[in-house]
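Letter by letter, the chains look like this.
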Amino acid sequence: MDEIRIEGLKVYAHHGVYPQESEQGQNFLVSVYLQIDAREAGKYDDLSQSVDYGQVCALIHSFMKEHTYMLLEAVTENMAREILLRYQTVKSAKVRVSKPNAPIPYPFSDVSVAVERSWHQAYVSFGSNVGDREEYIRNGLLALENEADIFLLATSSMIETEPYGGVEMDPVLNGAVRLKTLLTPYELLEVLRRIEEAAGRERTVHWGPRTLDLDILFYDDLILEEEYLTIPHIDMKNRDFVLGPMMELAPGLVHPVYRKTIQDMWNELQEKK
């Protein structure tokens, strides 16, 4: 991946734990390393295909001036997020903030905190089989789209399937979305649960009726198995209500555990019927 580097940008700002730091201020040195695809900009000598590092410097300068944080960790975290939200062609941003005049009573050359944050691609399934199913789904997707750190990239058609899991209930309206996000898997799960709760979702019966069901299917190539979160979503190779929508969104996507494409799993599932 190509990179734009801005190193040692000096900004006088007001960040720190001690009152004199937030009130009087001090010099900070900011360095950022932006991962981009610079090929088109280089081929055609076209700044619109890249990121204007002068504008990035202006953003950093104003960000440092307009905010006050106690911790360098908070400065770097929020600045990385601001850069990624402002310049979405940036794949990832590493931000390092140095505090050369930190109030430490020992000889030192520098104190700094660095973080690296990236966009992640995820697939989320949606389903409903209570009340106005389409309305629950539309409102849920709108709530998802309104999250600042989430951008919906594509949405599948809605398909109706029979309930899964052996519980007698009405047919389920299903689909899936492809999105990019700055959230971790756990933060994304928290957002999905909050949207489900706003739709009146009650988890009283396993595999039971639901106003709105939102599940993480894939998150990059992550493989995760914990008590409350499994990625990729469990047993999708046997679930046509997952594979059907995913066939629209990403038939060539490779399952990181099964090492099969969505198309392969779909074909195998159809042969079983």
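Residues numbered from 1 in each chain as written. Predicted model: local features only at pLDDT ≥ 70, side-chain atom pairs only at ≥ 80, totals over all residues. Heavy atoms only, no water.

(A) Region of interest: the pattern of salt bridges. Evaluation of the coordinates by the stated rule reveals twelve salt bridges. Between Glu 3 and Arg 5 there is a salt bridge, with its nearest N and O atoms 2.5 Å apart. A relative accessible area of 56% means that Arg 5 is categorised as exposed. In this structure, Glu 82 engages Arg 86 in a salt bridge whose closest nitrogen and oxygen atoms are separated by 3.3 Å. Of this pair, Glu 82 and Arg 86 both sit in helix H4 (residues 72-86), separated by four residues, roughly a single helical turn. Residue classification places Arg 86 among the partly exposed positions, given a relative accessible area of 47%. Residues joined in a network through salt bridges with shared partners are Glu 134, Glu 135 and Arg 138. (Salt bridge = Lys/Arg side-chain N within 4 Å of Asp/Glu carboxyl O. Buried < 20%, exposed > 50% of the residue type's maximum accessible area, 1.4 Å probe, protein only. Helix = DSSP H or I, 4+ residues; strand = E, 2+ residues; numbered from the N terminus.)

(B) The arrangement of the packing of aromatic side chains in detail. Across all of its chains, the model carries three aromatic pairs by this definition. When the ring of Phe 63 is compared with that of Tyr 69, the centres are 6.2 Å apart and the planes differ by 25°; the resulting orientation is stacked. Comparing Phe 63 with Tyr 69, the two get one shared label, buried. With a centroid separation of 6.2 Å and an interplanar angle of 85°, the aromatic rings of Tyr 123 and Phe 218 are classed as edge-to-face. Pair noted here: Tyr 123 is in strand S5 (residues 120-128) and Phe 218 is in strand S9 (residues 213-219), with a separation of 95 residues, a long-range link. Across the pair, exposure class does not vary: Tyr 123 and Phe 218 are buried alike. Geometry around Phe 151 places Lys 180 over its ring, the cationic atom sitting 5.9 Å from the centre. (Phe/Tyr/Trp six-rings, centres within 6.5 Å; stacked < 30°, edge-to-face > 60°. Lys NZ or Arg CZ within 6 Å of the ring centre and 35° of its normal.)

(C) Representation of the sheet that holds strand S3 (residues 92-98). Taken together, four strands build an open sheet; the order of strands is S1-S2-S3-S4 and the sheet is antiparallel. Each having just a single partner strand, strand S1 (2-13) and strand S4 (112-118) make up the two edges of the open sheet. On average, each strand axis in the sheet is inclined to that of its neighbour by 15°, with strand direction left out of account. Sheet topology places S3 next to S4; seven bridges connect them, and they run antiparallel. The partner of Arg 96 across the bridge, within S4, is Ala 114. Along the sheet, helix H3 (residues 53-66) makes contact with S1, strand S2 (26-36) and S3, crossing S1 at roughly 35°. Lying over the sheet, H4 contacts S2, S3 and S4, oriented at roughly 145° with respect to S3. (Pairing = 2+ DSSP bridges. Axes fitted to C-alpha atoms, helices over the stretch in contact; angles between N-to-C directions. Contact = heavy atoms within 4.5 Å.)

(D) The arrangement of unusual backbone geometry in detail. For the peptide bond that leads from Ile 231 to Pro 232, omega is -5°, which places it in the cis range. Residue Asp 45 is not a glycine yet carries a positive backbone phi of 50°. With respect to the helices, strands and loops of the structure, Asp 45 is situated in the loop between helix H2 (39-44) and H3. For Asp 235, which is not glycine, the phi dihedral falls at a positive 55°. Along the chain, Asp 235 falls in the loop between strand S11 (230-231) and helix H7 (240-249).

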